[in-house]
Structure formats: C-alpha cells, structure tokens
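# Chain and residue survey
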Amino acid sequence: MKKFETKYGYFTENGNEYVIKTYRTPKPWINVITNGNYGLVISQTGGGFSWLEHSEFNRLNRWHQDLVKDDWGKYFYFKNKKTSEVFSPTWAPVKNSPELFECRYGFGYAQFIAEYKEVNIKLTVFVPIGEELEIWNFEVINKSNEQIELGVYSFFEWCLGSSADHHREFHKTFIETEFDNSLNAMLATKRLWEIPLGNRGHWNIEYPYLGFISSDRTITDYDGDKESFIGQYGSVEKPVGVFSESLSKKIGKWNDSIGTVKVDLSIPANQKDVFSFFIGIKKDKKQINKSLKKFKNQDHIKKALSDVKVFWQDMFSTLEINTPDEAMNLMVNKWLRYQAIAGRLWARTAYYQQSGAYGFRDQLQDSLVFLPINPELTEKQIRLHARHQFQDGTVLHWWHPLTETGLPTKMTDDLLWLPFLILNYIDETANYKILDIKEPYYNNKNKIDTLFNHSVNAIERVLKRMSKRGLPLIGAGDWNDGLSAVGLDMKGESIWLAEFFYLILNRFAEVCEKTKKTKLAKRYKQKAEEVKKAFNKYAWDGRWFYRATKDNGDKIGSSKNREGKIYLNSQTWSVISGITDKSKSSKAMDAVTKHLLKKNGCLLLSPAYTKPDQLIGYLSRYAPGRRENGGVYTHAATWAIWAYALLKENNLAFQAYKNLCPVYNGLNPDEYVAEPFVTPGNIDGPDSPNYGMAGWTWYTGSANWFQKIIVDWILGIRATADGLIIDPCIPDDWNNFSITRLFRNTKYNIRVFNQAAKNPRFHYMIMDGKRINENLIKPLKRLEVTVDVFLA
C-alpha cells in the first residue's frame, strides 16, 4: 500500500523506501548515503558528489551548487550501437524522456528504474559497510526480440581534495590520471592538496589518496580529458566522445581530468545482464585491488547491500512507536534518525549546504539521537567536542577534521552545550563515571582534564560573561547565529540564554550534589537564583518575554519594536527552563499561539525585518519571511512542541507537531517543494511571497530534536537518572498507542490506553500484574518488560 502519495512520490507500506515517480520534482530531492567514513549525495536526476572522511576537504568529483539546473554529478550514458541512440537511467545528463522512471530512496542506498525503447535498467547505488567506495550495480533487461549491443560510458570530473575548485584552470594543473590494466581501472591523484597542512608554506603538500573507477566487466576504452570527451563548446547532454568510434585514451598530467571509462554489453533477446562499476578513494593500489577482489561477483555485491539494509534496521530497532498518526510513525521510527545520523553526524553535508566541519553545538545536539540506540556513541561525540574546548572554557564554534582548524567562538551559548549533553547522557544511563573521563584541551594537549572540569570551565566562563543587571552577555550570537551583531561589544544581553543557563546551573548543581561536590552545588544553585531574579526583574515585556538587548541597550523582540516584535525561543524556554512562574510562561505561550503558530509550525519571529539593522546582524538581512527572518526555523519550532507539552496543552502540542511535519507539508508539494521524508532547515513564513516553501533539507539540527521531542514529550516516554518517566501528552482523539524502547539494556514494551474524554493524563500503570500509581518505571535488570499505562 502506498502511503501519503502525491503526484511526485509516496512512502512504501513498510516505510523503508520513498519512491519518486518522476524526475521533475519541484526541487532536487536527494538521498545522503554514507557508512560514516565514505559517502555520497545523489539526487533523483543523478546529480551529486562523493567524499572520503570530509565532504569538503576530500571530495572525489566536482560538484557546484545549482538547485535549478542540478547538472553536476557522476553520470552514465547507455548507447545503442545499432541506432546510436543514447539515454541515461538517471534521466540526466542525456535527458531523453523514458517510458518508465522511478527513483527509490532507502536507508543506505538509492535505486533508479528506467526504461527506454525496450531497454529496462535497474541501477542500485550504495556504499558498503566499512569500505571507501560506492557500488553502481546495473541490471539491464533487453525486452526486445533481437539482440542488442550497448556501450556504457561513465562521466564525472575529478576533484580530489578541496571542493573549492572554481578556479579550474588552476586546480586542473595538479591532477594526473593513469589507466591500470591489472586493476581494470582508471586512477587519479593530485600533486597538491589545498588544505592548511604541512610545514613548508601554503599549498605545498601532496594529496595522499588515489581516486578510481573500475568495473567487473573489462573496460574497453577510456578518456581522461574533458575537452576530448565533451568537445570544445560541447555539452554533457551530447558529449562527442559517446558518438565517436572510440575514445581518446588521453591520460596524464596535462588534461582537464575526468573519469570516463567504457564497457560493452551484448544482451540476447528477452534476456538480462548484471554488472557493476566501482568508484572510490583509497590510499594505494593495493587497497583498491583488495576491495575490487572483494566485490568480484554479484553474490558478494548482493550480500554487501543486504548488510547495509540490516545495519540500518538494527540501528532503528531499539526504539519503535505505533501511534494512530502514521506520519509520526514513519518519521520517528526511521527517517528522522536516518537523517540525523547519515546527514548531520556522518556526512555533515547535503545539497543546500556543504560543510564537512563539526559545529560545537550542532553535532553535540545531534548526538542525542544515539541515546536510545547506543549511548556509547553519544559519549564518543561528547569526548570529541571536549577536545575542542579551550582551557578557559571557550570553544571552537566549528572545526574541520583532517586539519583540526576552526573558528574560536564569541557566541556564549556554544560553551554550555557540553554540560547539556552530559546531563542528557546521565539521564539515559545513570553513568556518572562519564564525569571522570579525561580529555585534553584544544590549546593545551598536555593538560588532560575530566569531563566534569571541562563542564565547570564552560559554566564558569559564562558566569564571567554577565551584564551589570545579572543577565548573560550574548556576544556574537546565542544559538541564533543570525543575531551576529547584537553583542559584539560584549554589552548586549540574551534573554533566551538566561533561560538556558538557568536550566544548566540547576541541573549541573544536581550532578554536583550526586557526586558530593557540595560547595560547587551550592554555588551553582545560588547563581541560578541570581539569574532567575534578574530575569524576572527585567525580561517581561508586558505580554511576552523580549529576546535580547543590543549593545546600545535597545530591546529586540519587544512589543515596542516595529519589526521583530516577538521571538519564539524566549517564550518556549521560559517554560522549558522553569525560570519563571507559570502565569507568565503561559501568557508567553499564548502569545506564541496567537502570533507565531502558523500552518507550517511556529515562526522564529514576527513580523519579519524589512530593513537591515547593523546592530542585529545578518538575520535582518535575509529576505522577509525567509529562514530566521520571519520563517519557520524547524530546529526552534520543535522546542515549541516541548513547551506546549510541559504546559499540558495536549492539542496545541500536537498541532505544533503536525503543522511542522514534512510528511503532511509534503502533501502540498508544489508549495512545499522540499523532500517530504526529511525535515527542512526552514520554511518560508507569511511575510514571504513563497509562504510555505521549504528549503535547506537534510543538513539541519531539527531531525534529532523532532524525533526526541515527539517521543519524550508527546508520547511522554523519557529517560531520567531515576528511570523512565511515563507522561503522555497526546491529543484527545487518540485511543491508544505503543512504544518499544531499549533503556539500560532492558527492552520496555509500553502500551498506553486513553480512557479520558479530554486532556488525557497519566492515571496508573500495570507491571507484572501490579498496579503502580506513580509514573516512574525504575530500572530493572531484565531483558524485557511489558507495561500497560492507563490515562484518565
């Protein structure tokens, strides 16, 4: 059964694939495929790029961002030798109209099914587990009544290193290619790696890898030069090489290097042939040879694809929900976690943004996704980020693996996400020993300190960044990077940061008490009260909490402002943090409901800025209604669901979820334009003429948060150091739901039954035949437990 079908595509019944029915989607719809080290991005027309370890510093093929043309990728041409007709199974680059086209995205693979003039092709693209290559597996069926002879040509442009090769006339001079008959492969390398490494000046190290393309069929011809293959003033749609009797076989150091190899097929009438191409990056020929031998037959390739599918299903198996909302089931059970892990944590790239870097706050938050899967992976991320903290508690806003270069942050909130993650890790595991793990500082590798002290250093640094009024200084931003000029003089204050800091101080004080650091616990409780006092004295604007003060003392997010009158985060976190009394936080959320809750979720602010403000920053320079300037910024919009749930506004929490959900927004695809199976970074707000249009998909911190908040706060099954809390906040019309969750090595099968007519609340639960009136399941040392929960 097809689920949530539109004219562009649908989910399969088991939710494991999204099927795209046409290559003409409103924007490129992509899949991110990676094993955590090697990866690729591919669109429904075959556009995209590949990389090893770092999507910007070690890219295999050239690709330049163009979401209109989408004409950079790794392509294959099929030529009928008798008729000279040429087509591509991915539609691009030839762009002949196939009689049949289908693109299926799964977890760890993409599959294209195309038919053109009685030739049916099924192409499966995937990255094997633990490998530094991708497999393009073709199954070709000759549906005609006569034998066909086909020539199959690959084409892509070698990049090999930094993606920033716009100055191609310069960068091409360092690339060299060869054809190795023993490997049946074209190889390419580069005599310059354009990244800041080495000790003999700028751009003076060699690229230490070999790019390659090979096949399990004998390569009969090849071309390593763009000019000879495309033709001067030619095009990728009709390259002269494909229509020539033979290719140039040009290789070496003097070309505009490409990866074009050819294999020949002869398929009898009504028969099929199966073959593969292998593309990747390896250290040397020995490693290439080892991998090519590994996948020398189709049985090994099928097994490798099966292993990929099993890998992802195992990843998803520790948390599964079954609710009356099928879109929620699809997103939580599979797609959101796949997006957060493959797109954000491993690839760190997509179509709207390419990075390759780690953001200090970004990937820390993303790693929350691992907690119900394998908390050790969250611990690994925490430790990585701790190594990018300075001894004074400041951190790198982002850094690049490989070079370990980054940007020291002037944003005050960055520092606090390290203790925030540790607190969440302890909630999941009750493993306070994480606090004793030692990691060095970024600026002093000889100083190896505990994660507890790393956290203390972060908190103490923020305590040094307080205004005279007792509110945190915003610096160059405070989660919202677009508030980039609000506090550059270290005078501007952040109301949201006061809320976030209050939560951190209180929660970390509890950890201090638990670990018998009583002096520190007392200090942080006192500091929390001081922040709370200052907040309640200054932050209320009459109907909601304002957002910040500029360096000159002017407020933003105030009813007195003409534009940007109300911001979302300072309202939602007034609830989440518990910094103020419920009457004010409830009024603040009433204002959210009135001014910010729209058809696609909650806007980040309203109304949008129409004129740039130098004392606010680049947020005010976006087009009105676009991204942070009056659009739905999905990361922040997920927090609104959390706040509504805390206030027990069941139906509003569900509305905020449903309005934001990409599956539902995707049912209006020509307005929404983005993929319906992953979250976008932003959706245009009502001040935009494109109201409802989404963008910046895949590479967004909203994926982890959306699934976490749905499970923790709508379904209400969440971890604490003491056990699992059962506190559902479901809509009135739900009769029941269930959730299976791994928690401290015990599998909990939780069934929830709603017996309330309105605003259902926890009533009691039955476990082992006994009625329990409190809503806490204390940890059990058993393999599996069944719990029945009743709401009234």
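My aim in this report is to walk through the structure given alongside it, one point at a time. Everything numeric here is computed off the predicted structure, so don't read it as measured data.

### Observations concerning the pairing of strand β21 (residues 319–322)
Side chains Leu 319 and Ile 321 project from β21 onto a buried face, and the interleaved Glu 320 and Asn 322 project onto a face without burial. Relative to strand β38 (residues 736–743), β21 runs antiparallel, the two being bridged by 4 bridges. Counted as the bridge partner of Asn 322 is Ser 738 from β38.

### Re the packing of aromatic side chains
In total, this model carries 70 aromatic pairs according to the counting rule given. With centroids separated by 4.8 Å and ring planes inclined at 80°, the aromatic side chains of Phe 156 and Trp 158 adopt a geometry described as edge-to-face. Judged by its relative accessible area of 0%, Phe 156 is buried. For Trp 158, a relative accessible area of 0% gives the class buried. Judged by centre distance (6.0 Å) and plane angle (75°), the ring pair of Tyr 338 and Trp 698 falls under edge-to-face. Pair noted here: Tyr 338 is in helix α5 (residues 326–347) and Trp 698 is in the loop between β35 (694–695) and α18 (702–714), with a separation of 360 residues, a long-range link. For the residue pair Tyr 338 and Trp 698, the accessibility class agrees, reading buried in each case. Positioned above the aromatic ring of Tyr 538 is the side chain of Arg 469, whose terminal nitrogen or guanidinium carbon lies 4.3 Å from the ring centre.

### Observations regarding the pattern of salt bridges
Within this structure, the stated rule accounts for 58 salt bridges. Here Asp 221 makes a salt bridge to Lys 249, at a shortest N to O gap of 2.8 Å. Residue Asp 221 is found in strand β18 (residues 221–225), and its partner Lys 249 is found in the loop between α2 (226–230) and β19 (257–267); the two are separated by 28 residues along the sequence. Among the residues examined, Asp 221 registers a relative accessible area of 6% and is labelled buried. For Arg 361, the salt bridge identified is with Asp 414, shortest N-O distance 2.9 Å. With Arg 361 in helix α6 (residues 360–366) and Asp 414 in the loop between β24 (406–408) and α8 (417–429), this pair connects stretches of sequence that are 53 residues apart. Each member of the pair Arg 361 and Asp 414 is classed as buried. Bridged by salt links that share partners, the residues Glu 131, Glu 132, Lys 282 and Lys 294 form one connected network.

### Some words on the packing of helix α9 (residues 451–463) against helix α10 (residues 495–514)
Packing of α9 against α10 brings their axes to within 12 Å, and their N-to-C directions diverge by 145°. When you trace α9 past α10, the crossing you get is left-handed. Along the contact surface, α9 presents Phe 452, Ser 455, Val 456, Ile 459, Val 462 and Leu 463, while α10 presents Phe 501, Ile 504, Leu 505, Phe 508 and Cys 512. Here the residues of the contact of α9 with α10 are counted per class, giving 10 nonpolar, 1 polar and no charged.

### As for the sheet that holds β24
Spatially, 3 strands are ordered β22-β23-β24 in an open sheet, and the strand pairing comes out antiparallel. Both edges of this open sheet fall to β22 (358–359) and β24, since each of them pairs with a single strand only. Examined bridge by bridge, β22 and strand β23 (residues 396–399) share 2 bridges and lie antiparallel to one another. Looking at β23, one finds that Gly 359 is bridged to Trp 398.

### A few points about helix α15 (residues 650–660)
Of all the 11 residues making up α15, 8 are buried; the element is thus mostly covered by neighbouring parts of the structure. Listing the buried residues of α15 in full gives Asn 650, Leu 652, Ala 653, Phe 654, Ala 656, Tyr 657, Asn 659 and Leu 660.

### Focus on the sheet that holds strand β20 (residues 272–282)
Across the sheet, 10 strands lie side by side as β1-β2-β9-β10-β11-β12-β20-β17-β16-β15; this open sheet has antiparallel pairing. The open sheet has two edge strands with one neighbour each: β1 (9–11) and β15 (175–180). Within this sheet the neighbouring strands show an average axis-to-axis angle of 15°, counted without direction. The pairing of strand β12 (residues 133–142) with β20 spans 9 bridges and is antiparallel. Each bridged residue has a counterpart across the sheet, and for Val 140 the counterpart in β20 is Asp 273. On top of the sheet, helix α3 (residues 285–294) reaches β12, β15, β16 (185–190), β17 (210–215) and β20; it is set at about 30° to β17, its chief contact.

### A look at the packing of helix α4 (residues 298–316) against α5
At their nearest, the axes of α4 and α5 sit 10 Å apart, and the two run at 110° to each other. If you check the angle between α4 and α5, you find them roughly perpendicular. Here the hand of the crossing between α4 and α5 comes out right-handed. Contacts from Phe 311, Trp 312, Gln 313, Met 315 and Phe 316 in α4 reach Asn 333, Lys 334, Arg 337, Tyr 338, Ile 341, Ala 342 and Trp 346 in α5. Residues that form the contact of α4 with α5 fall into these classes: 8 nonpolar, 2 polar and 2 charged.

### Thoughts on the side chain of Ser 702
Assignment of secondary structure puts Ser 702 in helix α18. Of the polar contacts made by the side chain of Ser 702, one reaches the side chain of Thr 679; its length is 2.9 Å. If near-sequence neighbours (up to four positions away) are discounted, Ser 702 is found in contact with Thr 634, His 635, Thr 638, Thr 679 and Pro 680.

### Points about α3
Helical geometry: 3.6 residues make up each α-helical turn, so side chains three or four residues apart lie on a common side. Listed in full, the buried residues belonging to α3 are Ile 288, Ser 291 and Leu 292. Mapping the buried residues of α3 onto a view down its axis gives an arc of 100°, with all of them on the same face. Exposed positions of α3 whose direction lies more than 90 degrees from the buried face are Lys 286, Lys 290 and Lys 293. Against the buried residues of α3 lie β12, β16, β17 and β20. Measuring from the side-chain oxygen of the N-cap residue of α3 to the backbone nitrogen of Lys 286 gives 3.2 Å; that N-cap residue is Asp 284.

### Quick look at the environment of Gly 359
By the secondary structure assignment, Gly 359 is in strand β22. For Gly 359, a relative accessible area of 6% puts it in the buried group.

### Some points on unusual backbone geometry
At the junction of Ala 92 and Pro 93, the peptide bond is cis and its omega measures out at 5° in the coordinates. Within the secondary structure, Pro 93 sits in the loop between β8 (86–87) and β9 (100–106). Put simply, Ser 606 and Pro 607 share a cis peptide bond, and its omega is -15°. Phi at Trp 479 is positive, roughly 85°, even though this residue is not glycine. Tracing the sequence through the fold places Trp 479 in the loop between α9 and α10. Residue Trp 479 is classed as buried on the basis of its relative accessible area, which comes to 6%.

### Some points on the side chain of Lys 550
Secondary-structure assignment places Lys 550 in the loop between β27 (548–549) and β28 (555–556). Looking at Lys 550, its side chain comes within polar contact range of the side chain of Asp 613, at 2.8 Å.

### Notes on the pairing of β9
Remark: a regular strand shows side chains that alternate across the two faces of the sheet. In terms of residue burial, β9 counts as a mostly covered element, since 6 of its 7 residues are buried. As paired strands, strand β2 (residues 17–20) and β9 are joined by 4 bridges and run antiparallel to one another. Bridge pairing links Val 19 to Arg 104 in β9. Across 7 bridges, the pairing between β9 and strand β10 (residues 109–116) is antiparallel. From the neighbouring strand, Cys 103 faces β10, where its bridge partner is Phe 112.

What counts, and at which threshold
- Residues numbered from 1 in each chain as written.
- Predicted model: local features only at pLDDT ≥ 70, side-chain atom pairs only at ≥ 80, totals over all residues.
- Heavy atoms only, no water.
- Buried < 20%, exposed > 50% of the residue type's maximum accessible area, 1.4 Å probe, protein only.
- Helix = DSSP H or I, 4+ residues; strand = E, 2+ residues; numbered from the N terminus.
- Pairing = 2+ DSSP bridges.
- Phe/Tyr/Trp six-rings, centres within 6.5 Å; stacked < 30°, edge-to-face > 60°.
- Lys NZ or Arg CZ within 6 Å of the ring centre and 35° of its normal.
- Salt bridge = Lys/Arg side-chain N within 4 Å of Asp/Glu carboxyl O.
- Axes fitted to C-alpha atoms, helices over the stretch in contact; angles between N-to-C directions.
- Left-handed = near helix turned anticlockwise from the far one by under 90°.
- Contact = heavy atoms within 4.5 Å.
- Nonpolar A, V, L, I, M, F, W, Y, C, P; charged D, E, K, R; others polar.
- Parallel < 35°, antiparallel > 145°, perpendicular 65-115°, else oblique.
- Polar contact = N/O pair within 3.5 Å; in protein donor to acceptor, adjacent residues only side chain to side chain.
- Arc of directions from axis to C-beta.

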